[in-house]
Amino acid sequence: MRVSVLGLGYVGCVSAACLASLGHEVIGVDVNQAKVDLVNDGKAPVVEERIGELIAEVVRSGALRATGDVREAVMGSEVSLVCVGTPSEPNGSLCTTYLERVTEQIGAALADRSGGGGRQTVVFRSTMLPGTCLNLLVPILEKYVGGTAGVDFGVVVNPEFLREGTSVRDFFDPPKTVIGEFDPGSGDAVAALYDGLPGEVFRVPVPTAEAIKYADNAFHGLKIGFANELGAVCQALGVDSHQVMDVFLADRKLNISPAYLRPGFAFGGSCLPKDLRSLVHAAQRADVSVPILAHVLPSNSDHLQRAVELVERTGKRRAGLFGLSFKPGTDDLRESPLVELAERLFGKGYDLRIYDANVSLSRLLGANREYIETRLPHLAQLLADSVGEVLEHAEVCLVGTKDPAVLSALPHGDGPLLIDLVRLPDAETRRAEQGYMGLAW
């Protein structure tokens with residue numbers, strides 16, 4: 001394919017050279033004439049493993065050249081990859097100035113094509129927040145082109161997952177390829193660019209592709225911060241942190257796995273809250289600052305509060321809650337987030353009814369009974385005997401369980417408003433219905 005790559009920084013330079021090595025005809029574009037001259041001389045404008053010899057090879061073969069003229073590059077290509085920078089503004093917000101400018105230039109060039117040369121696909125590799133492409137860049141393109149996205153030209157968000165220092169290796173062996181397609185034809189064009197590369201390909205809506213890069217980078221930062229904080233605590237306590245992490249990393253069932261990485265309700269139970277408090281307290285006693293670990297429980301509490309606020313926004317006063325125990329299939333109420341949720345709603349004066357098939361006040365014993373008598377002493381008057389009793393009472397229902405008896409009884413459309421805390425099996429269908437609200441989806 002004939003490809004233009006706009007922006008010859010790390011991402012653009014590596015993308016241009018690697019695509020050329022795959023057999024595509026590539027034109028690199030940059031406002032910095034020094035970068036353009038370096039590429040045309042077969043030299044890399046960035047310092048990076050393998051990039052020097054790769055650029056020399058593809059320039060020598062004629063597969064890659066560079067120019068400072070956006071119009072020339074766009075006119076001579078079928079696919080335009082936008083790889084300009086999106087730096088932070090002083091207040092932390094995303095700077096889209098370079099994105100907007102190059103999008104205007106691409107749009108003006110496409111208008112000059114007057115329909116010749118087939119449909120162009122504009123591919124944004126730059127990191128941008130969800131909504132940037134559809135709400136900012138697509139309108140710019142449509143204005144300058146005088147046409148419609150998905151009809152007169154294609155649009156794709158195609159985030160990169162290249163690490164400086166190993167970016168060439170990462171390009172040829174990517175962890176995944178993400179194609180945020182405005183329409184299937186646009187996605188097909190980009191999929192063809194990477195044909196033959198390993199790794200799973202995900203074709204998703206444009207905003208999803210924009211968000212994935214942020215999810216990745218936020219999690220990478222979180223992992224590094226977690227490991228460093230834990231290491232500092234271990235050092236203060238006289239423990240070999242690398243030995244601890246060797247064992248931690250060996251657990252591929254719960255630790256290095258998909259476990260716990262689905263948005264849902266707040267966590268609770270007899271272990272996680274207690275052990276986090278204890279670890280943070282030990283760090284404080286040792287004068288070790290652990291801001292990530294110290295804010296896990298406050299973050300969890302804020303997530304629980306989101307459910308309360310969803311109820312408040314409905315304006316309804318009669319509420320129902322399905323589920324109370326910390327985990328399905330048990331009657332363990334210790335530090336259950338659903339108990340905390342019930343307590344907050346009851347404390348705010350909501351007329352509340354609760355159903356949990358596994359919770360019977362007469363069967364609660366020991367620490368379990370003591371906990372509920374302390375946190376929710378009015379439980380007896382709040383517990384309902386059936387799903388139907390809660391549905392008949394409530395104007396708004398919070399679903400905190402996937403009990404089959406509850407799921408089969410939940411109405412569609414008619415009946416109380418539903419606030420989904422667990423992502424119901426039919427959540428995708430219900431999202432289109434009036435009166436359904438997901439907690440974090």
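Note: the structure precedes this text.
Residues numbered from 1 in each chain as written. Predicted model: local features only at pLDDT ≥ 70, side-chain atom pairs only at ≥ 80, totals over all residues. Heavy atoms only, no water.

Asker: Would you take a moment to explain the side chain of Thr-67 for this structure?
Answerer: Structurally, the position occupied by Thr-67 is in strand 3 (residues 64–67). At a separation of 2.9 Å, a polar atom in the side chain of Thr-67 contacts the side chain of Glu-72. Apart from residues no more than four positions distant in its own chain, Thr-67 is found in contact with Ile-27, Gly-28, Val-29, Asp-30, Val-36, Glu-72 and Ala-73. (Helix = DSSP H or I, 4+ residues; strand = E, 2+ residues; numbered from the N terminus. Polar contact = N/O pair within 3.5 Å; in protein donor to acceptor, adjacent residues only side chain to side chain. Contact = heavy atoms within 4.5 Å.)

Asker: Would you mind showing me how to read the sheet that holds strand 13 (residues 436–438) here?
Answerer: Within a sheet, adjacent strands bond to each other through the backbone by hydrogen bonds, running parallel or antiparallel. Taken in spatial order, the five strands make up an open sheet running 10-9-11-12-13, and their pairing is parallel. The sheet is open, and its two edges are formed by strand 10 (351–355) and strand 13, each paired on a single side. Mean inter-strand twist for the sheet, computed between neighbouring axes without regard to direction, equals 20°. Bridge count for strand 11 (residues 396–399) against strand 12 (residues 417–420) is four bridges, and the pairing is parallel. Note that in strand 12 the partner of Val-396 across the bridge is Leu-417. (Pairing = 2+ DSSP bridges. Axes fitted to C-alpha atoms, helices over the stretch in contact; angles between N-to-C directions.)

Asker: Where do I start with the sheet that holds strand 1 (residues 2–6) in this structure?
Answerer: In spatial order, the strands read 3-2-1-4-5-6-7-8; together these eight strands make up an open sheet with mixed pairing. Edge positions in the sheet fall to strand 3 and strand 8 (200–204), since each has one partner strand and no second. This sheet shows a mean twist of 25° between the axes of neighbouring strands, independent of strand direction.

Asker: Whenever I open this one, the pattern of salt bridges confuses me. Can you help?
Answerer: Side chains bearing opposite charge may pair, as long as their charged atoms lie close to each other. Scanning the entire structure with this criterion turns up 19 salt bridges. Here Asp-216 ties to Lys-176 by a salt bridge, and the two come within 2.7 Å at their closest N and O atoms. Here Lys-176 lies in strand 7 (residues 176–181) and Asp-216 lies in helix 9 (residues 206–236), a separation of 40 residues in the sequence. In this structure, Asp-216 and Lys-176 share a single accessibility class: buried. Put simply, Glu-340 and Arg-344 hold a salt bridge, and the shortest N to O gap is 2.9 Å. Taken together, the positions of Glu-340 and Arg-344, both in helix 14 (residues 337–347) and four residues apart, correspond to about one turn of that helix. As far as burial versus exposure is concerned, Glu-340 and Arg-344 are alike and both buried. (Salt bridge = Lys/Arg side-chain N within 4 Å of Asp/Glu carboxyl O. Buried < 20%, exposed > 50% of the residue type's maximum accessible area, 1.4 Å probe, protein only.)

Asker: I'm lost on the side chain of Asp-420 in this one. Help?
Answerer: Residue position: Asp-420 is located in strand 12. No salt bridge forms around the buried Asp-420; measuring N to O, its nearest opposite-charge neighbour Arg-423 is 6.7 Å away. Engagement of the side chain of Asp-420 in a polar contact is seen with the side chain of Tyr-436, the distance being 2.6 Å. (Lys, Arg positive; Asp, Glu negative; His and termini not counted.)

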